[in-house]
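Letter by letter, the chains look like this.
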2 protein chains.
Amino acid sequence: MKLYNYFRSSASFRVRIALHLKGLPFEYVPVHIAKGEHKQAAWAGVLTEGLVPALELDDGTRLTQSMAIIEYLDETQPGARLLPTDALGRARVRALAQIVACEIHPINNLRVLKYLTRELKVEDEPKNVWYRHWVREGLEAFERQLAAGPTGRFCHGDTPTLADCCLVPQIFNGQRFNTDFSGLTRTMAVFEQCMQHEAFQKAQPSACPDAEA
Amino acid sequence: MKLYNYFRSSASFRVRIALHLKGLPFEYVPVHIAKGEHKQAAWAGVLTEGLVPALELDDGTRLTQSMAIIEYLDETQPGARLLPTDALGRARVRALAQIVACEIHPINNLRVLKYLTRELKVEDEPKNVWYRHWVREGLEAFERQLAAGPTGRFCHGDTPTLADCCLVPQIFNGQRFNTDFSGLTRTMAVFEQCMQHEAFQKAQPSACPDAEA
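Quantities reported herein were computed from a predicted structural model and do not represent experimental measurements.

### Here's the deal with helix α6 (residues 124-148) of chain A
Here's step 1: Taking 1.5 Å of rise per residue, the 25 residues of α6(A) would be expected to cover 36 Å, and the 36 Å separating its terminal C-alpha atoms lies within 8% of that figure.
Here's step 2: Listed as buried for α6(A) are K127(A), W130(A), Y131(A), W134(A), V135(A), G138(A), L139(A), A141(A), F142(A), E143(A), Q145(A) and L146(A).

### Here we look at the pairing of strand β1 (residues 2-5) of chain A
Successive side chains on a regular strand alternate, one facing one side of the sheet and the next facing the other.
Residue and element names in this part refer to chain A.
Here's step 1: The sheet contact formed by β1 and strand β2 (residues 27-30) spans 4 bridges and is parallel. Bridge pairing links N5 to P30 in β2.
Here's step 2: A crossover links β1 with its parallel partner β2, the connecting element being helix α1 (residues 10-22), and its sense is right-handed.
Here's step 3: In this sheet, strand β3 (residues 54-56) lies alongside β1 in antiparallel orientation, the contact comprising 3 bridges. Bridge assignment links Y4 to a residue of β3, and that residue is A54.

### Brief notes about the domain arrangement of chain A
Residues and elements named next belong to chain A.
Here's step 1: Partitioning chain A into structural domains gives domain 1 (2-81) and domain 2 (87-199).
Here's step 2: Distance from the C-alpha centre of domain 1 to the C-alpha centre of domain 2: 20 Å.
Here's step 3: Taken together, the contact pairs 16 residues of domain 1 with 21 residues of domain 2.
Here's step 4: Among the residues domain 1 hides against domain 2, the three largest losses belong to R14, L21 and M67. Together they make up 35% of the total.
Here's step 5: At the junction of domain 1 with domain 2, the criterion picks out 1 salt bridge.

### A word on the packing of helix α4 (residues 87-108) of chain B against helix α7 (residues 162-176) of chain B
Angle between the axes and distance between the axes are the two parameters that describe a pair of packed helices.
Residues and elements named next belong to chain B.
Here's step 1: Running from N to C, α4 and α7 cross one another at 30°; their axes reach a closest spacing of 7 Å. Taken as axis vectors, α4 and α7 run roughly parallel relative to one another. Like other packed secondary-structure pairs, α4 and α7 cross with a definite hand, here left-handed. Residues V93, R94, L96, A97, V100, I104 and H105 of α4 lie in contact with α7, whose contacting residues are L162, A163, C166, L167, Q170 and N173.

### Looking at the relation of the copies chain B and chain A
Here's step 1: For these two chains of identical sequence, chain B goes onto chain A by a turn of 180° and a shift of 0.0 Å along the axis, with RMSD 0.0 Å. Taken together, the turn and the small shift mark the pair as related by a two-fold rotation axis.
Here's step 2: A shared binding surface is used by both copies, with 100% of the interface residues of chain B retained as interface residues in chain A.

### Here's the deal with the sheet that holds strand β4 (residues 62-64) of chain A
All names here are of chain A.
Here's step 1: Reading across from one edge, β2-β1-β3-β4 is the order of the 4 strands in this open sheet, with mixed pairing throughout. The open sheet is flanked by β2 and β4, the only strands paired with a single partner. For this sheet, the mean angle separating the axes of adjacent strands, direction not counted, is 25°.
Here's step 2: Contacts between helix α3 (residues 66-76) and the sheet are confined to β3 and β4, with β4 contributing the most and set at about 125° to the helix.

### Some details on the nonpolar core
Here's step 1: Counting residues in each nonpolar core, the largest one holds 128 residues, and the members touching the most others are W130(A) and W130(B).
Here's step 2: The residues contacting W130(A), other than those within four sequence positions of it, are I107(A), N108(A), V112(A), L113(A), L116(A), V112(B), Y115(B), L116(B), L120(B) and W130(B).

### What to know about the interface of chain B and chain A
Here's step 1: With 44 residues of chain B at the contact, the number on the chain A side is 44 residues.
Here's step 2: Summing both partners gives a buried area of about 3900 Å² for chain B against chain A, and 61% of it is carried by carbon and sulfur.
Here's step 3: Where chain B meets chain A, there are 10 salt bridges.
Here's step 4: The partner of R111(A) in a salt bridge is E103(B), with the nearest N and O atoms 2.4 Å apart.
Here's step 5: At the boundary of chain B and chain A, one finds 20 residue pairs in polar contact (both at pLDDT 80 or more).
Here's step 6: Elements that contribute at least two residues to the side of chain B that touches chain A include exactly β4 (62-64), α3 (66-76), α4, α5 (110-118) and α6 (124-148) of chain B.
Here's step 7: Top contributing element to the side of chain B that touches chain A by residue count: α4(B), with 13 residues.

### Some words on the packing of aromatic side chains
Geometry of an aromatic ring pair is reported as the spacing of the ring centres plus the angle between the planes.
Here's step 1: Enumeration according to the criterion identifies 17 aromatic pairs over all chains in this entry.
Here's step 2: Joined through ring pairs, the aromatic side chains of Y115(A), W130(A), W134(A), Y115(B), W130(B) and W134(B) make up one cluster.

Reading the values: the criteria
Residues numbered from 1 in each chain as written. Chains lettered and ligands numbered in written order. Predicted model: local features only at pLDDT ≥ 70, side-chain atom pairs only at ≥ 80, totals over all residues. Heavy atoms only, no water. Helix = DSSP H or I, 4+ residues; strand = E, 2+ residues; numbered from the N terminus. Expected span 1.5 Å × (residues − 1). Buried < 20%, exposed > 50% of the residue type's maximum accessible area, 1.4 Å probe, protein only. Pairing = 2+ DSSP bridges. Right-handed = clockwise from strand over helix to strand, strands pointing away. Domains from an automatic or database assignment. Contact = heavy atoms within 4.5 Å. Buried area = accessible area lost by both parts, 1.4 Å probe. Salt bridge = Lys/Arg side-chain N within 4 Å of Asp/Glu carboxyl O. Axes fitted to C-alpha atoms, helices over the stretch in contact; angles between N-to-C directions. Parallel < 35°, antiparallel > 145°, perpendicular 65-115°, else oblique. Left-handed = near helix turned anticlockwise from the far one by under 90°. Least-squares fit on C-alpha atoms with pLDDT ≥ 70 in both. Core = buried A, V, L, I, M, F, W, Y, C linked by side-chain atoms within 4.5 Å. Polar contact = N/O pair within 3.5 Å; in protein donor to acceptor, adjacent residues only side chain to side chain. Phe/Tyr/Trp six-rings, centres within 6.5 Å; stacked < 30°, edge-to-face > 60°.

This is the structure:
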């Protein structure tokens, strides 16, 4: 399998974690999003949505959208189970993942921040306030859901799931923008637990071949 | 089951479509998002994330996040199947749904538009340009994915799936903001097909008990 990705892309990071959690080997194909490589003609035939990550299977089939890729891997590949075996558990894990992937991350990704700067002439400080606002608001909802359900050492029970794959990259991003994580005790305890796990360590941006300082 | 929702909420609309497609009866509980009801103390104990939709099961368990709710219903309830039976098909349907739910809708929902107006003092016209920009960009990616895979009368084959549940509300929203849909021929053909289906008709905003002109 080939993973088209970018070291700092939060959605790419989610898939890297899942691949490492399941112990699946993959070829890392870097696409420099910050330089706009994904918009260049050379990539148009590969990245149909103009986004990373994309996972290419050995028969050439390419999958997109990080949560869909992770569920596919979980359904078809051996290794650790990233979705619970019960329907209510799956609903909870997917909802936690979607708080990050549908409520926080999309509002703060690179192309949206660029639009704020270039088209709406938003200055750096209000842009950073925007960033931190959505991360904080979303993680407060995440924290309440951790409090309301069967959270263990990880988001759902005592093994990592899709929810942890989504949470950790969001915390990394939030840290880059100096987000206030105070009071998010369950969320940050899960984050710390994840970062003691080898799979999360191996997947982190600084461990990627295309990492920059 | 009780569905906490708002007639104009795109994510609520997705779940209403799924409930009607599966032929499941539900109690409609309106929450007036535009008036900020979901932020009021009375709802805090019910809407843990401060968002609609939320689906309350008969035992009182409440599920959140529209795509997670729809997958739960599909896994546990009788009626039409909204996810394909093969893993690659599921991956494609989830990815199509996530183009809408992770790339388009979050950037354009009510709270984000309010933030643009109130905090960043963005005027109406650039706000509308922002709206149309993300819808158009996202739907162009959606169109390319429809062209690249086994699209039929609906997004994936000839019966409605989770992808159609997400697409239709996004087109409704785009229409309210006069988005240019030209050239999105596959996408709009699927939309027209959906709107000939009774379940989509029953679920649309104008058919809701809390509908306003």
